[in-house]
Amino acid sequence: IEQAAEREMNAEVAYKGTLEKELDKALKYNKAEHRNGGRDFLNVLFIGEAGSGKTSRIRDWANKNRVNLVTVRGADLDASDFGGVQVPDDQRQYARKLGSREFDNLNEPNSVLFLDEYNRAPKSVRSSLMELINSHIIYDPTNKGSQRYLENFLFTVSAINPSSMNYDTDAMDMAERSRFA
C-alpha cells in the first residue's frame, strides 16, 4: 500500500508544471509565515498569452490543495469595491459610509486571492489593490482606524497577459511588480 501511495504521489509531482510548483512553494511558505504570525507574504505573478491555461490551472491547483480561491477580475473592479458606498443615515440626517464586503471571503481559512487580469484593473483602484496584496488590509470605515486586517488571507496569485502584445492592458510599474515573485 505504501508503494502504491508513493507511486501516486510521484505521478502527481511529475504532472506538475512550473506554474503548479510555484504555487505549491508559495502555499507552503505562506502557511508557515501565517502560523508564525508573520506578515511577509510571497505573492505570485504569472504572465502569459490569452488561452494558455493560466486561469484553469490555478483553479485546478486550488481545488487539489483545498484552497479557498477568491477570484476577482481586474477589469470588473471599481472604487466602491475598496472604499465602500455612502448611504443615508435617517437617524442622524446625513450620509454615512458602509465598508466594502467585496473581499470578506478572504477571511475564510486557507484563502488565496486570485487576481485575474490584474493589469486590466483601472488605475483608480490599483493602489488599493497593492495595499490588499502587500499588507492584507482593506479599508473599512466601520472599524476603529478605518482598516481591517484579513487574518486568514494567505497570499495573492495574479495572472496577466503581456502588456507588450496587442492586449488592452496596462504595464505594471516597478512598485506593483515588486509585490510579486
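Below or above, wherever it landed, is the structure these notes cover. (Residues numbered from 1 in each chain as written. Predicted model: local features only at pLDDT ≥ 70, side-chain atom pairs only at ≥ 80, totals over all residues. Heavy atoms only, no water.)

1. Quick notes on the pattern of salt bridges
Alright, step 1. One pass over the full model with this rule turns up seven salt bridges.
Alright, step 2. Between Glu-117 and Arg-120 there is a salt bridge, with its nearest N and O atoms 3.6 Å apart.
Alright, step 3. Residue Glu-176 is joined to Arg-126 by a salt bridge in which the shortest nitrogen-to-oxygen separation is 2.6 Å. Placement of the pair is Glu-176 in helix H6 (residues 174–177) and Arg-126 in helix H5 (residues 123–135), with a sequence separation of 50 residues. No difference in accessibility class separates Glu-176 from Arg-126, as the two residues are buried. (Salt bridge = Lys/Arg side-chain N within 4 Å of Asp/Glu carboxyl O. Helix = DSSP H or I, 4+ residues; strand = E, 2+ residues; numbered from the N terminus. Buried < 20%, exposed > 50% of the residue type's maximum accessible area, 1.4 Å probe, protein only.)

2. Observations regarding the packing of helix H2 (residues 18–35) against helix H3 (residues 54–64)
Between two packed helices, what matters for the description is the angle formed by their axes and the separation of those axes.
Alright, step 1. Orientation of H2 relative to H3, taken along the N-to-C sense of each, is 45°, at an axis distance of 10 Å. Classified by the angle their axes make, H2 and H3 are oblique. Every pair of crossing elements has a handedness; the one defined by H2 and H3 is right-handed. Here H2 contributes Thr-18, Leu-19, Glu-20, Leu-23, Asp-24 and Leu-27 to the contact with H3, which in turn contributes Lys-54, Arg-57, Ile-58 and Trp-61. (Axes fitted to C-alpha atoms, helices over the stretch in contact; angles between N-to-C directions. Parallel < 35°, antiparallel > 145°, perpendicular 65-115°, else oblique. Left-handed = near helix turned anticlockwise from the far one by under 90°. Contact = heavy atoms within 4.5 Å.)

3. Concerning the pairing of strand S5 (residues 111–116)
Alright, step 1. Burial within S5 is extensive, with six of its six residues counted as buried.
Alright, step 2. Side chains of S5 alternate between two faces, with Ser-111, Leu-113 and Leu-115 and Val-112, Phe-114 and Asp-116 buried alike.
Alright, step 3. Pairing of strand S2 (residues 68–73) with S5, which is carried by six bridges, proceeds in the parallel orientation. Across the sheet, Leu-69 pairs through a bridge with Val-112, a residue of S5. (Pairing = 2+ DSSP bridges.)

4. As for the nonpolar core
Alright, step 1. Core analysis: the largest hydrophobic core is formed by 21 residues, its most contacted members being Phe-103, Leu-106, Leu-113 and Tyr-118.
Alright, step 2. Breaking this core down by element, the ones donating at least two residues are S2, S5, H5 and strand S8 (153–160).
Alright, step 3. Not counting residues within four places of it along the chain, the set of residues in contact with Tyr-118 comprises Arg-126, Leu-129, Met-130, Ile-133, Ser-158, Ala-159, Ile-160, Met-172 and Glu-176.
Alright, step 4. Formed by 17 residues, the second largest nonpolar core is a distinct cluster that contains Ala-26, Val-44, Ile-58 and Ala-62. (Core = buried A, V, L, I, M, F, W, Y, C linked by side-chain atoms within 4.5 Å.)

Any functional reading would require information that these geometric values do not contain.
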